[in-house]
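# Residue-level structural notes
These are the residues of each chain, in order.
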Amino acid sequence: MIYLSDIKKYLDYSGIEYEYFGDDLVDIDAYSLPENIKNNSILWFKEPDMIKNYNTSEYKNLLIVTSSNFDFSNIKGNFLISKKSRELFFSIIAEFFYDRKKINYIASTSVVETSEIGENVYIGHNCYISPDVKIKDNVVIKNNVVIEGNVIIGNNTIIYSGAVIGSDGYGYYKNEKGINVKIPHLGGIIIGNDVEIGANTCIDKGTLGNTIIEDNVKIDNLCHIAHNVHIEKN
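The paragraphs below set out a description of the structure included in this document. (Residues numbered from 1 in each chain as written. Predicted model: local features only at pLDDT ≥ 70, side-chain atom pairs only at ≥ 80, totals over all residues. Heavy atoms only, no water.)

### A word on the overall build of the protein chain
What the protein chain contains, in helices and strands, is 2 helices and 26 strands. Here the C-alpha atoms of the protein chain give a radius of gyration of 23 Å, more than 25% beyond the 17 Å that 2.2 N^0.38 yields for 234 residues. Its C-alpha atoms give the protein chain principal-axis dimensions of about 80 × 40 × 30 Å. Per-residue burial for the protein chain yields a buried fraction of 39% across its 234 residues. Long-range pairs, those at least 24 residues apart, make up 28% of the contacts in the protein chain with a sequence separation of at least 6. Accessible area of the protein chain: about 13200 Å², with a carbon and sulfur share of 48%. Here the protein chain carries 22 positive and 31 negative side-chain charges, and the mean point of each set is 3 Å from the other. (Helix = DSSP H or I, 4+ residues; strand = E, 2+ residues; numbered from the N terminus. Rg over C-alpha atoms; globule rule 2.2 N^0.38 Å. Buried < 20%, exposed > 50% of the residue type's maximum accessible area, 1.4 Å probe, protein only. Contact = heavy atoms within 4.5 Å. Areas by Shrake-Rupley, 256 points an atom, 1.4 Å probe, with all protein chains shown as cover. Lys, Arg positive; Asp, Glu negative; His and termini not counted. Charge placed at Lys NZ, Arg CZ, Asp CG, Glu CD.)

Put into structure tokens, the structure is as follows:
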């Protein structure tokens, strides 16, 4: 059970501005979508005017998140009101419902050749991690991930299934005979803190220097980050 008092403490600590109107003893144990409302749940209405289309008063212990341009005076319920209602709602979901791995775990089906692994690192099934890789604290590496070469992975980073990190880039030149000759890729990859790398994404190591992904960068699924690319913070 998640108590309103705990949610308020978290929001006060996070600095997200909000107002609360409703029962101070409300508690929840789930989250809902507007089209599938559950008792004892938190739900978000992106457009406040949509609330009137749902009979929220039929349900018990609803905690409704919406924006500040909403007149709730004629609607029964418990309301968290914020100009940043999206941020507020999903930060609560992340804090109270998202079970991020916080254990030291390496699946028996994975081959991990590095010894430089921080605290609370989770490595899923069928991964390969080469000897030169450095993994810092609270990193989650999901299934079927390959990381090889001189790669540094910062704190709190998540790498989703199927990612390949540290492969050669696509670099060639033509010699005098017109033959394509591979350029050696001797660089590495530096990945900052709080980075997310989507499923089946490929990040190439640098040619001589490093490919750099700074803090708090979010990369979608099925992306290619080429050699020597530098993605700045946020």
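Resuming the write-up.
### Things to note about the packing of aromatic side chains
On inspection of all chains with the given rule, the structure shows 8 aromatic pairs. Between Phe-45 and Tyr-54 the ring centres are 5.6 Å apart and the planes differ by 55°, which places this aromatic pair in the tilted class. Relative to Tyr-122, the ring of Tyr-105 has its centre 5.2 Å away and its plane inclined at 25°; by these criteria the two rings are stacked. Highlighted residues: Tyr-105 in strand β8 (residues 105-106) and Tyr-122 in strand β10 (residues 122-123), separated in sequence by 17 residues. Under the relative-accessibility criterion, Tyr-122 is labelled buried at 15%. (Phe/Tyr/Trp six-rings, centres within 6.5 Å; stacked < 30°, edge-to-face > 60°.)

### Comments concerning the sheet that holds strand β24 (residues 218-219)
The strands that make up a sheet are held in pairs by hydrogen bonds between backbone atoms, and each pair lies either parallel or antiparallel. Taken together, the 6 strands give an open sheet; going across it, the order is β8-β10-β13-β16-β21-β24, and neighbouring strands pair in parallel fashion. Strands at the two margins of the open sheet, each flanked by one partner only, are β8 and β24. With 2 bridges connecting them, strand β16 (residues 158-159) and strand β21 (residues 196-197) associate as parallel partners. Paired with Ile-159 across the two strands is Ile-197, which belongs to β21. (Pairing = 2+ DSSP bridges.)

### Here we look at unusual backbone geometry
Residue Leu-222 is not a glycine yet carries a positive backbone phi of 60°. Structurally, Leu-222 is set in the loop between β24 and β25 (224-225). One non-glycine residue, Asn-228, lies in positive phi territory at about 75°. Note that Asn-228 resides in the loop between β25 and β26 (230-231). Given a relative accessible area of 39%, Asn-228 falls into the partly exposed group.

### A few points about the side chain of Ser-67
Structurally, Ser-67 can be placed in the loop between β6 (63-66) and β7 (78-81). A residue is classified by how much of its surface remains accessible, and Ser-67, at 13% relative accessible area, is buried. For Ser-67, the contacting residues outside a window of four places in its chain are Pro-48, Ile-81, Ser-82 and Ser-85.

### Remarks on the state of the cysteines
Counting across every chain of the model gives 0 disulfides. As a non-bridged cysteine, Cys-223 has Cys-202 as the owner of its nearest cysteine sulfur, 11 Å distant. Classification of Cys-223 by relative accessible area gives partly exposed; the value is 26%. (Disulfide = S-S within 2.5 Å.)

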